[in-house]
Structure formats: structure tokens, C-alpha cells
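For reference, the chains in residue letters:
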Amino acid sequence: MKLPVLAWAALALSALGPSAAFSSTTRAFSDVGVSRASASADSDDSPATTFEFPPPLTRTQRLQRAAKFWSSALPIVLSYYSKDAELRVKEAFTGVSLTEEEEEVVWNEQHEKGARKLADTITSLKGFYVKTAQIIASRQDLFPPEYTDALSDFTDNVDPLPVELIKAVVAKELLVRGEKFEDIFAEFDETPLGAASVAQVHRAVLTEKYGNKEVAVKVQRPSIESKLMGDIANLKQLAKTFRENDALPLDYYTVFSELEKQLADEFNFLAEAVAMDRIYETVTRDENGLPCESPIVLPRPVAGLVSRRVLVMDYLQGVPLSRAAEEMLKRGINPDSPESQLFGRKLLRSLTDVFGRCILETGFFHADPHPGNIFVLDDGRIGLIDFGQVKQIGGRARETLSKVMLALDERESDTNPTDLDKIGNLALELGVELADGAPAEGPAAVAMWLFDGSVETLPGGYDKGELSPNSPVKALKSFPQDLVLVGRSSILIKGLSNRLGIPWSLSNEWAPTAKTVLEGNTQEPAAVKKEGKIRIRDVLRLLKGWSRGKVSRAVSRLPSPVRTKVAAVALRLQKRREATETNKQS
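Residues numbered from 1 in each chain as written. Predicted model: local features only at pLDDT ≥ 70, side-chain atom pairs only at ≥ 80, totals over all residues. Heavy atoms only, no water.

(A) Representation of the overall build of the chain in the model. A count of helical and extended segments in the chain gives 20 helices and 13 strands. For the chain, the proportion of its 586 residues judged to be buried stands at 51%. Roughly 27,800 Å² of accessible area belongs to the chain as shown, and the carbon and sulfur atoms make up 52% of that amount. (Helix = DSSP H or I, 4+ residues; strand = E, 2+ residues; numbered from the N terminus. Buried < 20%, exposed > 50% of the residue type's maximum accessible area, 1.4 Å probe, protein only. Areas by Shrake-Rupley, 256 points an atom, 1.4 Å probe, with all protein chains shown as cover.)

(B) Quick peek at helix 16 (residues 442–451). Helix 16 sits mainly inside the fold: ten of its ten residues count as buried. Three or more residues of helix 16 are buried, namely Gly-442, Pro-443, Ala-444, Ala-445, Val-446, Ala-447, Met-448, Trp-449, Leu-450 and Phe-451.

(C) Looking closely at a negative patch on the surface. Taken together, the side chains of Glu-100, Glu-101, Glu-102, Glu-103 and Glu-104 define an acidic patch exposed on the protein surface. As for its placement among the helices and strands, Glu-100 is situated in helix 4 (residues 100–125). (Patch = residues over 30% accessible without salt bridge, like charges linked within 9 Å, V, L, I, M, F, W, Y side chains within 5 Å. Salt bridge = Lys/Arg side-chain N within 4 Å of Asp/Glu carboxyl O. Lys, Arg positive; Asp, Glu negative; His and termini not counted. Charge placed at Lys NZ, Arg CZ, Asp CG, Glu CD.)

(D) Layout of the sheet that holds strand 9 (residues 374–377). One open sheet holds the three strands; their spatial order is 7-9-10, and the pairing between them is antiparallel. The open sheet has two edge strands with one neighbour each: strand 7 (318–320) and strand 10 (382–384). Here the strands of the sheet are splayed against their neighbours by 30° on average, with no regard to which way each runs. Bridge count between strand 9 and strand 10: three bridges; the pairing is antiparallel. (Pairing = 2+ DSSP bridges. Axes fitted to C-alpha atoms, helices over the stretch in contact; angles between N-to-C directions.)

(E) The nonpolar core, seen in detail. Formed by 83 residues in total, the largest nonpolar core has its most connected members in Ile-359, Leu-401, Phe-451 and Leu-483. Of the residues forming this core, the biggest block, nine residues, is contributed by helix 13 (residues 338–362). Discounting chain neighbours no more than four positions away, the residues touching Leu-483 are Leu-401, Leu-430, Val-432, Leu-450 and Phe-451. Formed by 23 residues, the second largest nonpolar core is a distinct cluster that contains Val-170, Leu-305, Val-310 and Val-312. (Core = buried A, V, L, I, M, F, W, Y, C linked by side-chain atoms within 4.5 Å. Contact = heavy atoms within 4.5 Å.)

(F) Geometry of the packing of helix 11 (residues 269–283) against helix 13. Orientation of helix 11 relative to helix 13, taken along the N-to-C sense of each, is 100°, at an axis distance of 10 Å. Compared by their axis directions, helix 11 and helix 13 come out roughly perpendicular. Of the residues in helix 13, those touching helix 11 at Arg-278, Ile-279, Thr-282 and Val-283 are Val-354, Arg-357, Cys-358, Glu-361 and Thr-362. Here the contact of helix 11 with helix 13 is built from residues that sort into four nonpolar, two polar and three charged. (Parallel < 35°, antiparallel > 145°, perpendicular 65-115°, else oblique. Nonpolar A, V, L, I, M, F, W, Y, C, P; charged D, E, K, R; others polar.)

(G) How the structure looks around the environment of Arg-308. Turning to its location among the elements, Arg-308 is positioned in the loop between strand 5 (301–306) and strand 6 (310–314). The class for Arg-308 is partly exposed, based on a relative accessible area of 31%. For Arg-308 and Asn-268, which are 40 residues apart along the polypeptide, the C-alpha to C-alpha distance reads 4.8 Å.

(H) Quick look at the side chain of Ser-489. Topologically, Ser-489 is positioned in helix 17 (residues 481–500). Ser-489 sits in the buried class, given a relative accessible area of 1%. With near-sequence residues (within four places) excluded, Ser-489 lies in contact with Phe-355, Ile-359, Phe-365, His-366 and Pro-369.

(I) Broad picture of the pattern of salt bridges. Tallying each qualifying case throughout the model produces 21 salt bridges. A salt bridge links Arg-116 to Glu-112; the nearest nitrogen and oxygen atoms lie 3.9 Å apart. Here Arg-116 pairs with Glu-112, and both are found in helix 4, just four residues apart, close to one helical turn. Given the relative accessible area of 48%, Arg-116 is considered partly exposed. For Glu-112, a relative accessible area of 38% translates into the label partly exposed.

(J) Spatial organisation of the packing of helix 13 against helix 14 (residues 395–410). Between helix 13 and helix 14, the shortest axis-to-axis distance is 7 Å and the interhelical angle comes to 125°. In terms of orientation, helix 13 and helix 14 fall into the oblique class. Across from Ile-359, Leu-360, Glu-361 and Thr-362 in helix 13, the residues of helix 14 making contact are Arg-398, Leu-401, Ser-402 and Met-405. Split into classes, the residues belonging to the contact of helix 13 with helix 14 amount to four nonpolar, two polar and two charged.

(K) Focus on the environment of Pro-369. Looking at the secondary structure, you find Pro-369 in the loop between strand 8 (364–366) and strand 9. Taking the relative accessible area as the measure of exposure, Pro-369 reaches 4% and is therefore buried. Distance in space between the C-alpha atoms of Pro-369 and Leu-351 is 9.5 Å, their sequence separation being 18 residues. With residues up to four places along the chain from it excluded, the contact list for Pro-369 reads Phe-355, Arg-488, Ser-489 and Leu-492.

(L) Inspection of unusual backbone geometry at higher detail. In the Ramachandran plot, Asn-212 falls in the positive-phi region, its phi being about 50° despite a non-glycine side chain. Residue position: Asn-212 is located in the loop between strand 3 (199–206) and strand 4 (214–220). A residue is classified by how much of its surface remains accessible, and Asn-212, at 52% relative accessible area, is exposed. A positive phi angle, near 65°, is found at Asp-386, a position not held by glycine. The exposure class assigned to Asp-386 is partly exposed, which follows from its relative accessible area of 24%.

(M) A look at the pairing of strand 6. Across the five residues that make up strand 6, a large majority, four, are buried. The pairing of strand 4 with strand 6 spans five bridges and is antiparallel. By the bridge assignment for strand 6, Val-215 is matched with Asp-314. As defined by bridge partners, strand 5 adjoins strand 6 across two bridges and the pair is classed as antiparallel.

(N) Up close: the side chain of Gln-220. Relative to the helices and strands, Gln-220 is located in strand 4. Here the side chain of Gln-220 touches Phe-267 through a polar contact of 2.8 Å, landing on its backbone oxygen. Once you skip the residues sitting within four places of it in the chain, Gln-220 turns out to touch Val-169, Val-198, Ala-199, Phe-267, Phe-269, Arg-308 and Arg-309. (Polar contact = N/O pair within 3.5 Å; in protein donor to acceptor, adjacent residues only side chain to side chain.)

(O) View of helix 7 (residues 163–174). With twelve residues, helix 7 should cover 16 Å at 1.5 Å per step; its first-to-last C-alpha distance of 16 Å lies within 8% of that length. With nine of twelve residues buried, helix 7 lies mostly within the body of the structure. (Expected span 1.5 Å × (residues − 1).)

(P) Molecular detail of the packing of aromatic side chains. Enumeration over the complete set of coordinates arrives at five aromatic pairs. Seen from their ring centres, Tyr-80 and Trp-107 are 6.0 Å apart, and the 10° between their planes marks the pair as stacked. In this pair, Tyr-80 sits in helix 3 (residues 59–94) while Trp-107 sits in helix 4, placing the two residues 27 residues apart along the sequence. You'll find Tyr-80 and Trp-107 in the same group, each marked buried. By the ring-pair criterion, three or more aromatic residues cluster together here, those being Phe-181, Phe-185 and Phe-188. Above the face of the Phe-364 ring, Arg-278 is positioned so that its terminal group lies 4.1 Å from the ring centre. Here Arg-300 stacks its cationic end above the ring of Tyr-280, 3.9 Å away from the centre of that ring. (Phe/Tyr/Trp six-rings, centres within 6.5 Å; stacked < 30°, edge-to-face > 60°. Lys NZ or Arg CZ within 6 Å of the ring centre and 35° of its normal.)

Bear in mind that shape data such as this cannot, by itself, settle questions of function.
Spelled out as C-alpha cells, the structure:
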């Protein structure tokens, strides 16, 4: 039987939960935000004093919204069961089974109908359901193309709020007594850079008093929190209704219950600012604690201009990865050109390094990586935005994940019983549970499927394809929330490597970091001797990394014909290195 589309949606949505790791740090910032907000009420020139904020939904409106959701979502789910029953009855009466091609046509038509209905429902309801659309649209490797195409418009664009309302929110949250809006912002673009379900972002320029620099201003939609929490409650109830259905690979009721607890942090921009700084510190320091050039560019919050509902941060000039191909064509860059292939490899390497270090070294990582949050900057660098959804995993989970990486990297073969038993036991230690009757190799197959995209054949007879009826995903009975969020990162990177045609093993790439984590950092950093001197080789390594970044940005400014030739040479050299590394491993 085909997996119902709401089950696919639930699988993506299960990875949306932000961490609750900031409670103590958030309280430390809260008093500052409250004092600013309360003081702004006394400012006669504040836009907040002349603009009426939209009220929260009434009980009647919440009930109407829930009724509309159920009246739209339930028929979509039931239509899949109905179609499956129709095909079974037809086969029983006629004794004739559909061919694989005929069955594909039938289900493609079913997907078309379901996708249109789902798109119409989300367009009408907006709110948290927009996040459903964003995840589905960004996961072409997981969802049928009928759904990803129908929901692609939700990836970056939601109807923006009027700029007057946005300025009123900013004034209420940031202005202190006697301060005007123009005292903070020399410029404030009326057209937003983007509008999403929780917030929208405007480009602005700060006055000299606040640094005189270009910034992005993220502003939360008024009264959005109660609406979105009501939406997640509806999804939770839907999952509960189908909780005992064998067609669903996971217990999504438990997933949504966890999400309901964690979602509140996404409405707290103070927590997001803390997350931005914490991840920045991780990726801009090497294992010895020395400064290093980050593989990606992270925006930094502007001190003094952060509250629970407004976040002023560095502005990144570029386009989201979801529009990168379109932008390349505008610039006359062929998607199959050496420049494009070289950038794809750079993107793959950068995301691998950043997520590997964050997940294994600190356990604190960006939990919402999708093409709308990954930016291609004008100077060729890669940016990562939107830290509203982050996750902190515990030290025990980090240690076990590190052991999984080493076990996968050091295995003799994909079929060696001793290796499979070791990998499988570690996967079970993480909390993976398989359905009754699953092959003994199941836990090891799940680990290999998540963290080693270079494997040709999974053990236990499982298929690599996520949509295959014989995928390890379909055999899962329970999947720990921590691992779901880690899995989102690994699946994003795996999908990218597949599109580039590069066999990519995260376990192989993350193994050195995993080894360092397991060995512990009990010794004094190698870069600093007891007398406080710095080793020359560490300084040279730092300069090498810095110069590499400078050269890369310099190349991006070359004329197109020259840039293409340079990229072609660099691509040949990189492919040669990849081939050499592959030969060494084999």
C-alpha cells in the first residue's frame, strides 16, 4: 500500500522541533528586552502608539480554523486508503493486477489531486501549515514531485505584513524612553527580504550611534504564537487518530507531542541570538582553540538590539540555495559548468564540516537546514541563516554518535557480521527501534543509510531509496527525536551529494572529529606551550586557511571567461584528489 501523504508530511515535520536548551540564558536576557519594550510605550513618537495590533484568535476563530483543517486534511488521507481499497477490490474481482507502470500512473494522478487540495488548504490557513509546505517543497528526495511542485511557492514567500505594523512592533520592542525610530535606523526598506509563517525580515541601515552598518531586521508577526500552537495541536490530533495504523512508519503522535513542547523557543528571538553566537564560536575555533576561518558565513546579532520579538543582525548579501540555479542562469553560468560543479563540492564540504563539528563536538547545532536557510553569497561564500530551530543533544548521545561514525568508518565490509553487530548495537543504544520481524541487520542498515551515502548495498536486503517499500525508514518502529534532527542534516547532505554524483560518506568525513571527541580534550591545547608561546606551524595553518578564503573570494571577482578557466583547472585537481582518496580507502 502507498504511504499516505500526511504520513510523508509528518516525517518531515517531525524534524522541526527547536531545543529548549536556552532557558537559563534566555532569562538572563529577558529583563533587558522587557525594559526596552515597556519604556517604548512612553515614547510619543513611537509608531506603536498610533497603530493597532491585531488581537489573538478568539475561541470561535480557533474552532473554525480547526474545523477547516480537519475538513481538508482528513479527506486527503482517506482518499489514499480509498484508492488502495478500490485497486484491491478490482484485482480480487477481475484477477488481474496492474503493471508497475499502470500503478504508477494511478498513484501519480492521486498525488496530483492530493497536492492541489493540500496547497489550497495551506494557502487558506497559513500559520504552521506553511512550515509543512516548506519542508515538503525542499525535500524532492523524499516526497512525490506532484507535492514538491505544488508547494514550492511556499518555500520563501508568505503574504507580508504592512510595513507600518512591522515598524510598530520594532518600536514597541526596541525603543527606549525618548528615542525615535529614526534614532536607530537611518534606512529601513519597506519591502521585506522575505516573509515566513513566524516572522518577516527587512533590510535596514543603522545610524552612527548603533554602528552605521547594513543589517537584517527579523520581526515576529503579532499574535502568531497562539495561532501556530493551535495548528500543531491539530496535527497532533490527526496523528493520534491514525496512531495504530501499520501504514505509518513512526509514532507521529509522540513526535508532534515533543514538537508541541519545543516549538515555544522559536518565538523567542533572545534564544535565537544566543544560538547564533554559540554556533559561531564553535565553527570559528579549531580543535586547539585558535581562531580559524569558518567554512560558512554566520550572521551575528547586534548587541542591544535584540528582544523576544525583534532580532537585528548582520545582513548577508546573496540568494537562498532554493533560487541559486535561477540566479546562475541570469548570470550566464551553466549549471553543468566547472564553476557550478566546483561550487557544489564547496557547498558539500562546508556543510559537512560545520554540521559534523557542531553535532559531535558540542551537540548544539542548527536543526532546520533546508535550501531556504542556506545562502549563496554574492562573493561566492556560503551563508547559513535562521537559528530559531536548534537542538542540544546530551553528552551520552554525542559519544554514541561518535562511536557509530568510527564503527562505520573502520568496518571491514558492508556484510561483515562482527561489524554489523557492533554498528547495530550502537544504533540501538541511540534509541532506534525496528518493527517486529525486521531483519537482525536492521539497526546497522539504518545507521549506514543515514551516515554513509557511499554504500552500494544495505545489509538485510534493504533498499537505499527513501520512498522504496523496502527502505529502512519503513521498518522503523521508534526513532529518537535527537536522531531525527541529526538525520535531517545528514539527509540534506546526502541529497546534495546524490545530485552532484559524488559518493559521500559522512561517517568517513566525521570520523576524525569523532575520534577527537572520544579521546577527550584533557590535555593542554597543543598550540599553546606552558610558557605561553605559539607554535609556528599553527600560525602558518591559520594563515593558510585565511589566505585560501581570500583567494576564493578574489577568484569570484574575475571576468567570467577567466573565472571559468580557473574553475575548470581547480575542478580537475579536486577530482584527482577525490580519486586518490577513494583508491586509498579501497
